[in-house]
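Chain and residue survey
Here are the chains, one letter per residue:
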Amino acid sequence: MITFIPLTGFLGAGKTTTMTAAALALQEQGRKVAVITNDQGVELVDTKLVRSKLDSVAEVTGGCFCCKFEDLVEAIVALVASDSVDTVIAEAVGSCTDLQATVVRPLRQYYGDDMVVAPLTTVVDPLRHLAFARAAERGEPESDLSYLFRQQVTEADVIAVNKLDTITADRAEQLLASLRTSNPKATVVGYSATTGAHLETLLDAWQAPATNEDVVLDIDYDRYAAAEAQLAWMNQELDLTAAGNGFDATAWARTVLQELSAWAAEHDAVIGHAKITVETADGDFAKLSLTESGAQPTLDRAAAAAAPAGRAVVNARVACEPDALDAAVTEAVKAADLAAAVTSSATTPVSFKPSYPRPVHRLAPAGA
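Notes on the structure in this doc start here. These figures come from a predicted structure and were not determined experimentally. (Residues numbered from 1 in each chain as written. Predicted model: local features only at pLDDT ≥ 70, side-chain atom pairs only at ≥ 80, totals over all residues. Heavy atoms only, no water.)

Some details on the environment of A186
Tracing the chain through its elements places A186 in the loop between α7 (169-182) and β8 (187-190). With 26 residues separating them in the primary sequence, A186 and A160 have C-alpha atoms 9.9 Å apart. (Helix = DSSP H or I, 4+ residues; strand = E, 2+ residues; numbered from the N terminus.)

The following block contains the structure:
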């Protein structure tokens, strides 16, 4: 019997960092853990970083778990067969919701003899949550993105407030108390996946029974689709060649994200997330990420030394039109090339908007 742990949560909440940190912690407890990443596109930055830390990793690309349900099941089966894992943690696309009905219940109904499905966990970025809450307090109409965020929180068995190291202790206590009051059926925990502080509270929550499994979201799929369609999604590869003896892969990626951050702030474009890996010719790689317009990038991994060449992958999810994102990334890359003395050649920009969500299954609670 394997354990399947589903994660959801808005773009930039730290699902991948949470998944990786939790997998390593569970391995220390003697569990054999595999993880599955998920995206609307292909060429995932996160998968590269996860594979540098974990042995058993799979991807489901081209759509969310709900619309790629058979692919998810195939990935689970393959991981169990090849690596003899007993635990699979999977993170859904950050713009996906309604997972209780479209993923959790179908897995329990059709595969419950072989699989224990842990409580559905929604990972929450406290600053993102507070921004949406402030807009509501000001009486602003609920945006489609805020609507999507609210649905993700509403359906959670476990609300996992990540990045508590980014806010004060008093603010953290107030946020956790507020979430417990507004979501009485959910277990609310706070932790930092980056530092590992209080991560054990999340692991403990996964051992408890699901408390919100009978939830039925009052969800408007047209509005859900509209929220996803507000975001342009880019996955682009670039070949990089140093003009001299070598270039700093970390500095190049940082400049790209700094330029993109400034552009998004100037154009009032919400950044879901933007991530870059640069793999150098010797197999080392740098990885940086950005989750807020106008903010500085976060360094997730630095390349150790200068390299003569490399290959970059850019993943960007920004609330703008695809052609605008293509242009912004192109200009950011030009600035980075100039600063790092690099010549780059890119695949054709492939920004797109997700198609209408059409889940394979959508099951009501038992007895409903």
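Focus on the pattern of salt bridges
Where charged atoms from two side chains of opposite charge approach closely, those side chains can pair. Taken as a whole and assessed by the stated rule, the structure comprises 15 salt bridges. A salt bridge links E140 to R138; its shortest N-O distance comes to 2.8 Å. The salt bridge partner of E142 is R150, with a shortest N-O separation of 2.7 Å. Using a relative accessible area of 39% as the deciding quantity, one classes R150 as partly exposed. Salt bridges sharing common partners tie together E142, D144, R150 and R223. (Salt bridge = Lys/Arg side-chain N within 4 Å of Asp/Glu carboxyl O. Buried < 20%, exposed > 50% of the residue type's maximum accessible area, 1.4 Å probe, protein only.)

Details of the packing of aromatic side chains
Per the counting criterion, the structure on display carries five aromatic pairs. Both rings, one in F10 and one in F149, keep their centres 6.2 Å apart while their planes meet at 75 degrees; by these two values the pair is edge-to-face. Taken together, the residues F10 in the loop between β1 (2-8) and α1 (15-28) and F149 in helix α6 (residues 144-154) connect sequence positions 139 residues apart. Of the residues examined, F149 reaches a relative accessible area of 6% and is grouped as buried. Geometrically, the ring pair formed by F69 and Y111 is tilted, given 6.5 Å between the ring centres and 40 degrees between the ring planes. (Phe/Tyr/Trp six-rings, centres within 6.5 Å; stacked < 30°, edge-to-face > 60°.)

What to know about the sheet that holds strand β10 (residues 271-280)
Spatially, the six strands line up as an open sheet ordered β12-β11-β10-β13-β9-β14, and their pairing is antiparallel. One side of each edge strand has no neighbouring strand; the edge strands of this open sheet are β12 (298-301) and β14 (342-346). Going from strand to strand, the sheet's axes swing by 20 degrees on average, the running direction of each strand aside. Relative to β14, strand β9 (residues 232-242) is paired through five bridges, and the arrangement is antiparallel. From the neighbouring strand, A242 faces β14, where its bridge partner is V342. (Pairing = 2+ DSSP bridges. Axes fitted to C-alpha atoms, helices over the stretch in contact; angles between N-to-C directions.)

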